[in-house]
Amino acid sequence: GAVVSQHPSWVICKSGTSVKIECRSLDFQATTMFWYRQFPKQSLMLMATSNEGSKATYEQGVEKDKFLINHASLTLSTLTVTSAHPEDSSFYICSAEQGKDTQYFGPGTRLTVL
Amino acid sequence: RKEVEQDPGPFNVPEGATVAFNCTYSNSASQSFFWYRQDCRKEPKLLMSVYSSGNEDGRFTAQLNRASQYISLLIRDSKLSDSATYLCVVKGGGSNFGNEKLTFGTGTRLTIIP
């Protein structure tokens, strides 16, 4: 299957700092990538859809100015959590779409904001 | 009402037994259906797609009933390695976005007991 990587795999930061998470499709080109967030014992919730070369589309309730998404190439999308606070602590997972139906997920980034 | 509903479990099943999971979805416009498995603190991985005609992959059988908006997963001869959370996933027909969005159920936690 296709491979999607994320970096970093975990990060601990102080409240008020910004954190950038990278998502890469390693062996295929992905016009569309997705960013999800998962809190403990909850399901994945889609935050935004990232399209190469255009602005991301955010789900209702997700602040676009807080969660900055850049999809500058067909193999890389980045999510920047700006001015992170403890309530932003979560498991952030990206996925990249290959073909019409299949999304491949990255291994996730565990963010802890102190 | 949640868009995708699953019994959260946990299901504790002896090794070798057969176990079945059910899932219902609310939007009749949904187009594609999947089962993913997620191990603790890991990303979801596609287990199988689900079709109206039913499909089987080894010990796993998935079934879709569009009229009832119901999806099932059957695991036969369960193995210890089957212990995971099983996510029912529906594509399309999301409440806030177009056709490419995946909507995840909260997952059903399965533990296979030796």
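Before reading on, note that the structure itself is shown above.
Attention in this report is confined to the structure presented alongside it. Predicted, not measured: the structure shown is a model, and the values here were computed from it.

**What about the packing of aromatic side chains?**
Taken as a whole, this structure holds 12 aromatic pairs over all chains when the rule is applied. Consider the rings of Phe67(A) and Tyr92(A), whose centres lie 6.5 Å apart with planes at 40 degrees: the pair is tilted. Separated by 25 residues along the polypeptide, Phe67(A) in strand 7 (residues 67–73) and Tyr92(A) in strand 9 (residues 90–98) bring together distant segments of the chain. The exposure class of Phe67(A) is buried, given its relative accessible area of 4%. With 6.4 Å between their ring centres and 65 degrees between their planes, Phe34(B) and Tyr36(B) make a pair best called edge-to-face.

**Considering the interface of chain B and chain A**
In this assembly, 19 residues from chain B lie in contact with 22 residues from chain A. Both sides of the chain B and chain A interface together cover about 1,700 Å² of buried area, and 52% of this is carbon and sulfur. Between the two partners, chain B and chain A, sit two salt bridges. Salt-bridge contacts for Glu59(A) lead to Lys101(B); the nearest nitrogen and oxygen are separated by 3.0 Å. Taken together, the connections running from chain B to chain A amount to six residue pairs in polar contact (both at pLDDT 80 or more). Of all elements in the fold, only strand 4 (32–38), strand 5 (44–50), strand 9 (84–91) and strand 10 (102–104) of chain B reach the threshold of two or more residues within the side of chain B that touches chain A.

**Side note on the nonpolar core**
Of all hydrophobic cores here, the largest spans 25 residues; its most connected members are Trp35(A), Phe67(A), Leu79(A), Tyr92(A) and Leu111(A). Counting only elements with at least two residues in this core, the list comes to strand 2 (10–13), strand 3 (19–25), strand 4 (32–38), strand 5 (45–51), strand 7, strand 8 (76–81), strand 9 and strand 11 (109–113) of chain A. If near-sequence neighbours (up to four positions away) are discounted, Tyr92(A) is found in contact with Gln6(A), Ile21(A), Tyr36(A), Arg37(A), Met47(A), Phe67(A), Leu79(A), Gly108(A), Thr109(A) and Leu111(A). Counting residues in each nonpolar core, the second largest holds 22 residues, with Val19(B), Met48(B), Val90(B) and Ile112(B) among its members.

**What about the sheet that holds strand 3 (residues 19–25) of chain B?**
Residues and elements named next belong to chain B. Spatial ordering of the open sheet is given by 1-3-8-7-6, a layout of five strands whose pairing is antiparallel. A single partner strand is all that each edge strand has here, and the edge strands are strand 1 (4–6) and strand 6 (55–57). Neighbouring strand axes in the sheet, compared pairwise and without regard to direction, differ in orientation by 20 degrees on average. As defined by bridge partners, strand 1 adjoins strand 3 across three bridges and the pair is classed as antiparallel. Residue pairing for strand 3: Val4 is matched across the bridge by Tyr25.

**Things to note about the side chain of His71(A)**
Residues and elements named next belong to chain A. Mapped onto the fold, His71 is located in strand 7. The class for His71 is buried, based on a relative accessible area of 5%. Reaching out from His71, the side chain makes a polar contact with the side chain of Ser50 at a distance of 2.7 Å. A polar atom in the side chain of His71 sits 3.1 Å from the backbone oxygen of Ser73.

**Digging into unusual backbone geometry**
With omega at 0 degrees, the peptide bond leading from His7(A) into Pro8(A) counts as cis. You can see Pro8(A) is positioned in the loop between strand 1 (4–7) and strand 2. For the bond from Gly9(B) to Pro10(B), the omega torsion is 10 degrees, close enough to zero to count as cis. Mapped onto the fold, Pro10(B) is located in the loop between strand 1 and strand 2 (11–14).

**A few points about the state of the cysteines**
Enumeration according to the criterion identifies two disulfides over all chains in this entry. With a sulfur-sulfur separation of 2.0 Å, Cys23(A) is cross-linked through a disulfide to Cys94(A). The disulfide joining Cys23(A) to Cys94(A) has a torsion of about 80 degrees about its S-S bond and is therefore right-handed. With Cys23(A) in strand 3 and Cys94(A) in strand 9, this pair connects stretches of sequence that are 71 residues apart. The class of Cys94(A) is buried, set by a relative accessible area of 0%. Here Cys23(B) pairs with Cys88(B) through a disulfide, and the sulfurs are 2.0 Å apart. Every disulfide takes its handedness from the sign of the S-S torsion; for Cys23(B) and Cys88(B) that torsion is -75 degrees, giving left-handed. Residue Cys23(B) is located in strand 3, and its partner Cys88(B) is located in strand 9; the two are separated by 65 residues in the primary sequence. In this structure Cys88(B) comes out as buried when scored by relative accessible area, which is 0%. Here Cys13(A) is not disulfide-linked; the sulfur of Cys94(A) is the nearest cysteine sulfur, at 18 Å. For Cys13(A), a relative accessible area of 10% translates into the label buried. With no disulfide of its own, Cys40(B) lies 20 Å from the sulfur of Cys94(A), the closest cysteine sulfur.

The rules behind the values
Residues numbered from 1 in each chain as written. Chains lettered and ligands numbered in written order. Predicted model: local features only at pLDDT ≥ 70, side-chain atom pairs only at ≥ 80, totals over all residues. Heavy atoms only, no water. Phe/Tyr/Trp six-rings, centres within 6.5 Å; stacked < 30°, edge-to-face > 60°. Helix = DSSP H or I, 4+ residues; strand = E, 2+ residues; numbered from the N terminus. Buried < 20%, exposed > 50% of the residue type's maximum accessible area, 1.4 Å probe, protein only. Contact = heavy atoms within 4.5 Å. Buried area = accessible area lost by both parts, 1.4 Å probe. Salt bridge = Lys/Arg side-chain N within 4 Å of Asp/Glu carboxyl O. Polar contact = N/O pair within 3.5 Å; in protein donor to acceptor, adjacent residues only side chain to side chain. Core = buried A, V, L, I, M, F, W, Y, C linked by side-chain atoms within 4.5 Å. Pairing = 2+ DSSP bridges. Axes fitted to C-alpha atoms, helices over the stretch in contact; angles between N-to-C directions. Disulfide = S-S within 2.5 Å.

Purely geometric numbers; function is a separate question.
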